Amino acid sequence: NLNYQIGQYLPDWHPWENIKDFYVSNRETGGCREIVPFEFTWLNEIFGNPTPLSCIKLKLTDLRIDIDDIYHCLVQYSSGMLANVTVEVISRPKATREMRIIGTNGELVFSSDENCVKYINMDMDDWNITILNPGTIQKNYINPEEPYISELNDFIEAVKSGKHHKFPNNLQKDYQVLQLLYKLEKLSEN
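So, a few notes on the structure that sits alongside this text. None of these values were measured; they are calculated from a predicted model. (Residues numbered from 1 in each chain as written. Predicted model: local features only at pLDDT ≥ 70, side-chain atom pairs only at ≥ 80, totals over all residues. Heavy atoms only, no water.)

1. Considering the pattern of salt bridges
Note the following rule: Any Lys or Arg side-chain nitrogen located within 4 Å of an Asp or Glu carboxyl oxygen qualifies as a salt bridge. Secondary structure is summarised from DSSP: a helix means a run of H or I of at least four residues, a strand means a run of E of at least two, and numbering begins at the N terminus for each. Any residue under 20% of the maximum accessible area for its type is buried, any over 50% is exposed, and the rest in between are partly exposed; the area is computed with a 1.4 Å probe on protein chains only.
Following the criterion strictly, the structure yields 10 salt bridges and no others. For the salt bridge of D66 with R27, the shortest nitrogen-to-oxygen distance reads 3.0 Å. You can see D66 sitting in the loop between β2 (51-58) and β3 (70-76) and its partner R27 sitting in the loop between β1 (2-7) and α1 (31-47), a full 39 residues away along the chain. Judged by its relative accessible area of 49%, D66 falls in the partly exposed class. One salt bridge in this structure joins K118 and E114, with 3.6 Å as the shortest N-O distance. A residue is classified by how much of its surface remains accessible, and E114, at 45% relative accessible area, is partly exposed.

2. Points about the state of the cysteines
Rules: In plain terms, two cysteine sulfur atoms within 2.5 Å form what is called a disulfide here.
One pass over the structure, following the stated rule, counts zero disulfides. Unpaired in this structure, C32 has its nearest cysteine sulfur neighbour in C73, at a distance of 9.2 Å. With no disulfide of its own, C55 has C73 as its nearest cysteine by sulfur position, at a separation of 4.1 Å.

3. Section: α1
Along an α-helix, residues three or four positions apart point the same way, because every turn accommodates 3.6 residues. The condition that has to hold: Expected span, for any helix, means 1.5 Å times one less than how many residues it has. The contact rule is simple, with two residues in contact once any of their heavy atoms fall within 4.5 Å.
When the terminal C-alpha atoms of α1 are compared, their 24 Å separation across 17 residues agrees well with the 24 Å that a helix rising 1.5 Å per residue should span. Looking only at α1, the buried set comprises G31, C32, I35, V36, P37, E39, F40, L43 and N44. Along its buried surface, α1 packs onto β1, β3, β4 (82-88), β5 (96-103) and α3 (171-188). Downstream of α1 by one or two residues, G48 has phi in the positive range, about 105°.

What follows is the structure, given as structure tokens:
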């Protein structure tokens, strides 16, 4: 079983600009609606293409914009693993990003609050903890820049070398993850 939650209060994304002045406040490109496919892109790269089982998307905050500010998505991967993925633009005063994978032989946890990945299994007495490098975080922002720079470098290298495996994402995968979003949203209407 996998539980994953990511969220940050929407006005805190770009505190230097009004949320009504950029795409996150538009229903078709809203903050959560954008992040759901973003997160499933890497989750699906690890676990495969899931079957959507359920979705609830709602507006829970008093933000004066017409978007759903939380998506609770339940999917199942071909391995049988259930994944409960929550994307929200509500978390305050700190952003939320935590993943917990549990099984009968152990657990794997990623926590941005603790800035670590840790695991434990039946042969261990205590957690094995790896502290992550926090990276370079610009003023008034919460995410490090290195992943974005690395992704662009991988893309440029894949184009230059013709070795497309260096940049694993492609339009077909983008199409598949958008189809997943549409199916989840359709399930939320029932």
